Amino acid sequence: MKIKQEVKKKLNDKVLYTNLKNFASNYKVSRQNALTGLDFFKLRNDIYKSKDFSKEEIIALFEEFKQHVEKSGCTVLHAEDALTANKLITEICKKHNAEYIVKSKSMTSEEIKLNHYLEKQGLKPIETDLGEWILQIAGEHPSHMVMPAIHKTRQQVAKIFEKHTGEKINPDDIDKMVKIARKYLREYYFKAAVGITGANVAVASSGTIGIVTNEGNARLSSTVPPVHIVLVGYEKLVKNFSDAMKIIRLLPKSATGQNISTYVTWIKGSNPSFKSDTGNKHTYYIFLDNGRLSFFEHPFLKDALKCIRCGSCANVCPAYEMVGGHVFGDIYIGAIGLILTSMLHDEKKAKEILSLCIGCKACSFNCPAGIDLQSIISDLNVYMGKKYSVNPVKKFIYSAVMKNPAVFKTAMKTASFLQKPMLDETKENIKNIPYIPKEHNFRKLPSIKTKTFSELFTEKKFGEFKSSKKVFFYPGCAVEYFFPDMGVSMVEVLQKTGYQVDIPKAQVCCGLPAIHAGDGESGKKTILKNIKHMGNPDDYEAFLVLCPSCGMAIKEDFKKYTLDYIAEFKKSEKIGKKVMSFANFLKINNIRFQNEDDKKYTYHTPCHQGRGLGFVPEEFLKETFGENFIPLKDSDVCCGFGGSFSVDYPGISAGILDKKIENIINTKADCLLTDCPGCVMQIDGGLKQKGVNVKVKHLSEVLSNLKIQKK
């Protein structure tokens with residue numbers, strides 16, 4: 001089944017929608033409470049540094065770990081790939097005459113498809129984690145790394161239990177269901193000759209492993225049977241106990257919003273076992289390579305090995321929340337799942353699911369290991385585009401139109417003429433576009449304006465205003481062609497406060513759409529052309545944007561894609577240090593506004609505003625609108641636009657937008673403010689399509705009508 005068919009199927013799953021929506025809402029509150037009083041960004045920076053190893057260093061840690069545990073009579077083995085790991089585990093099980101094997105939850109065992117292999121060898125693995133057991137008897141695989149059965153309701157679980165046990169189950173009697181699971185699972189701990197666990201950390205300096213669970217099943221699996229096999233990836237190695245504790249401290253907070261997991265088990269050496277023929281437990285550590293060791297030397301995929309498997313990248317992903325882990329990932333799920341599928345599994349499968357990333361950077365911002373997941377996904381998209389080619393229509397647009405200002409302008413002027421029969425009575429929106437599938441019709445699109453921002457800039461003689469205080473304004477494509485009034489409003493405010501505003505000699509796309517689509521070459525050419533048309537950074541106090549995505553591209557991608565061009569790189573670095581949003585510039589320069597109307601305002605934070613440009617203007621808005629400013633629930637959650645994402649996946653885009661609109665309606669605000677023309681396009685279009693009477697304005701448009709108070 002192709003990815004778009006799988007997406008469509010999941011979008012029609014109302015149970016999945018409700019489960020993931022409820023979890024996402026509760027998780028954010030729990031996580032925030034769990035992190036209260038802690039410096040999250042310092043903690044995650046500490047974890048990032050503590051897991052930053054070269055291949056040689058990780059092998060040295062492995063040797064140190066091995067030396068310690070072998071002194072205790074344990075066995076340490078290396079598995080080069082999944083098949084080797086499966087064979088080693090099977091040999092150990094057969095050596096100890098095992099029929100039943102109890103397992104605690106282990107994504108590494110999912111990675112090598114261990115259960116499937118053991119069953120083919122006539123062995124009987126039993127999952128002891130409740131969620132994993134539910135899926136095992138249902139014949140499914142996990143949809144979340146920490147909460148594997150998150151896609152199931154208690155009603156569905158009751159039916160699965162009824163089928164498995166033959167007992168009548170009341171779906172509202174959760175206590176009884178838990179007792180049934182306990183009754184069926186408990187006997188296997190005593191029947192099993194082998195217990196298999198993973199490890200959350202493996203401490204090299206002492207040969208200790210740490211395992212966290214909420215059910216205590218890993219503790220039982222590792223202690224009751226006379227044989228214990230620990231299957232662990234090399235990336236779980238840490239130097240010492242101090243580094244291990246940093247991970248154990250942040251892992252449950254990021255995974256489920258808990259302060260600490262119910263059970264934290266530390267195992268060192270070989271412990272006594274009354275069921276063992278030697279009186280001591282037989283303990284085996286199998287370290288899985290499966291390509292990991294080579295990736296410790298990779299320039300950008302290396303960081304993915306710092307993952308602590310908390311699943312938080314899925315918990316905050318708006319696209320995952322719509323389709324779940326059976327689509328948004330393969331074995332591993334969430335943003336890290338997209339990446340690990342590329343590294344450890346089928347590359348063509350990875351290419352498909354990488355397109356599900358909307359690019360909001362929530363995963364990067366919330367990752368407790370400090371991994372910039374979205375940046376890695378962006379690099380993988382470029383790699384995949386180069387190897388497997390980019391959609392030919394997109395390739396043409398990025399390579400022949402958007403990087404060429406004259407061609408782009410001609411194309412947009414032509415489109416503005418051709419759209420006339422499709423405009424509504426206001427001429428501001430397109431009422432319908434013929435021949436497009438109905439799932440794209442979830443919002444009203446804005447019209448292409450007949451005059452560009454650059455033309456209005458000249459017509460209004462903005463360029464004749466001269467001052468010693470100068471800023472450079474990069475309008476971006478959306479302001480240039482769809483929302484020129486946003487740019488005009490900003491220039492008027494700045495000139496009233498004495499600032500000269502200069503603009504590019506020609507309007508070129510920032511390059512982000514091409515890069516996100518995997519066309520890195522067109523993205524680079526677009527960036528180089530852009531830099532040529534931008535002013536000398538030494539002449540300006542700031543480089544302003546009204547679109548944070550453009551600003552983030554200027555800040556991050558301009559440097560990244562000019563590494564081979566010394567002069568352009570130097571200019572990019574200088575511009576990048578000065579790029580900021582309009583609101584941030586006003587805040588820094590103590591430019592304030594007096595609002596005299598009694599309208600209620602709320603604010604949607606664009607994805608790349610806080611997570612790209614590092615500034616959220618809520619305090620500024622509270623100062624401006626006072627009690628008339630109403631905070632929006634999940635303000636910083638994506639609106640579902642994502643540029644071409646909303647065209648490629650209209651169903652996901654519409655679903656994310658619906659949640660945003662629900663929150664907007666609940667504020668009872670008269671006007672939603674935001675800082676991104678793309679968000680205005682998405683949210684305003686969605687509200688209009690639904691007939692909701694809430695105005696949507698860019699901040700610049702509203703501020704230009706207020707009285708300025710220069711402090």
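For the structure, check the block above.
These figures come from a predicted structure and were not determined experimentally. (Residues numbered from 1 in each chain as written. Predicted model: local features only at pLDDT ≥ 70, side-chain atom pairs only at ≥ 80, totals over all residues. Heavy atoms only, no water.)

Concerning the overall build of the chain
Next, step 1: For the chain, the helix and strand inventory stands at 35 helices and 21 strands.
Next, step 2: The C-alpha radius of gyration of the chain comes to 28 Å, within 12% of the 27 Å expected for a compact globule of 711 residues.
Next, step 3: If one aligns the C-alpha atoms of the chain with their principal axes, the spans along those axes are about 90 × 60 × 50 Å.
Next, step 4: The 711 residues of the chain split such that 59% are buried.
Next, step 5: In the chain, once contacts between residues fewer than 6 apart in sequence are set aside, the share between residues at least 24 apart is 77%.
Next, step 6: Computed over 103 positive and 78 negative side-chain charges, the inter-centroid distance for the chain is 2 Å. (Helix = DSSP H or I, 4+ residues; strand = E, 2+ residues; numbered from the N terminus. Rg over C-alpha atoms; globule rule 2.2 N^0.38 Å. Buried < 20%, exposed > 50% of the residue type's maximum accessible area, 1.4 Å probe, protein only. Contact = heavy atoms within 4.5 Å. Lys, Arg positive; Asp, Glu negative; His and termini not counted. Charge placed at Lys NZ, Arg CZ, Asp CG, Glu CD.)

Brief notes about the pairing of strand β19 (residues 671-674)
Successive residues of a regular strand alternate their side chains across the two faces of the sheet.
Next, step 1: Because side chains alternate across β19, one face comprises the buried residues C671 and L673, and the other comprises L672 and T674, equally buried.
Next, step 2: Here β19 runs beside strand β20 (residues 695-698); their pairing, made up of four bridges, is parallel. Counted as the bridge partner of L673 is K697 from β20.
Next, step 3: Handedness of the crossover joining β19 and β20 through helix α34 (residues 677-690) is recorded here as right-handed. (Pairing = 2+ DSSP bridges. Right-handed = clockwise from strand over helix to strand, strands pointing away.)

Here's the deal with the nonpolar core
Next, step 1: Y285, F287 and I652 are the most contacted members of the largest nonpolar core, which has 97 residues in total.
Next, step 2: Ranked by residues supplied to this core, first place goes to helix α16 (residues 334-344) with seven residues.
Next, step 3: Beyond its immediate stretch of four places on either side in the chain, I652 contacts V7, L11, A319, M322, V323, L356 and F645.
Next, step 4: Residues Y398, V401, F558 and Y603 belong to the second largest nonpolar core, which totals 89 residues. (Core = buried A, V, L, I, M, F, W, Y, C linked by side-chain atoms within 4.5 Å.)

Considerations on helix α27 (residues 548-560)
Next, step 1: Given a rise of 1.5 Å per residue, 13 residues ought to cover 18 Å, and the 18 Å separating the end C-alpha atoms of α27 matches this to within 8%.
Next, step 2: Along α27, the sharpest change in direction is near 35° and occurs at I554.
Next, step 3: Turning to α27, its buried residues are P548, S549, C550, G551, M552, A553, I554, D557 and F558. (Expected span 1.5 Å × (residues − 1). Bend = angle between axes of the 7 residues up to and from the residue.)

Topic: the sheet that holds strand β15 (residues 542-545)
Next, step 1: Spatial strand order, β14-β13-β15-β16: four strands in an open sheet with parallel pairing. In this open sheet, the two edge strands, each paired with only one partner strand, are β14 (500-502) and β16 (579-581). When strand polarity is set aside, the average angle formed by the axes of neighbouring strands in this sheet is 40°.
Next, step 2: When β15 meets β16, the two strands line up parallel, connected through three bridges. Directly across from V545, in β16, lies its bridge partner S581.
Next, step 3: Against the sheet, helix α24 (residues 484-496) engages β13 (470-474), β14 and β15, with an angle of about 175° to β13. (Axes fitted to C-alpha atoms, helices over the stretch in contact; angles between N-to-C directions.)

What to know about the pattern of salt bridges
Next, step 1: For the coordinates displayed, the defined rule picks out 36 salt bridges.
Next, step 2: The residue K560 makes a salt bridge to D379 at a minimum N-O spacing of 2.7 Å. With K560 in helix α27 and D379 in helix α19 (residues 373-388), this residue pair connects regions lying 181 residues apart in the sequence.
Next, step 3: Since its relative accessible area comes to 15%, D379 is described here as buried.
Next, step 4: With a closest N to O distance of 3.8 Å, E428 and K449 form a salt bridge. (Salt bridge = Lys/Arg side-chain N within 4 Å of Asp/Glu carboxyl O.)

The quantities given are spatial measurements derived from coordinates; they are silent on function.
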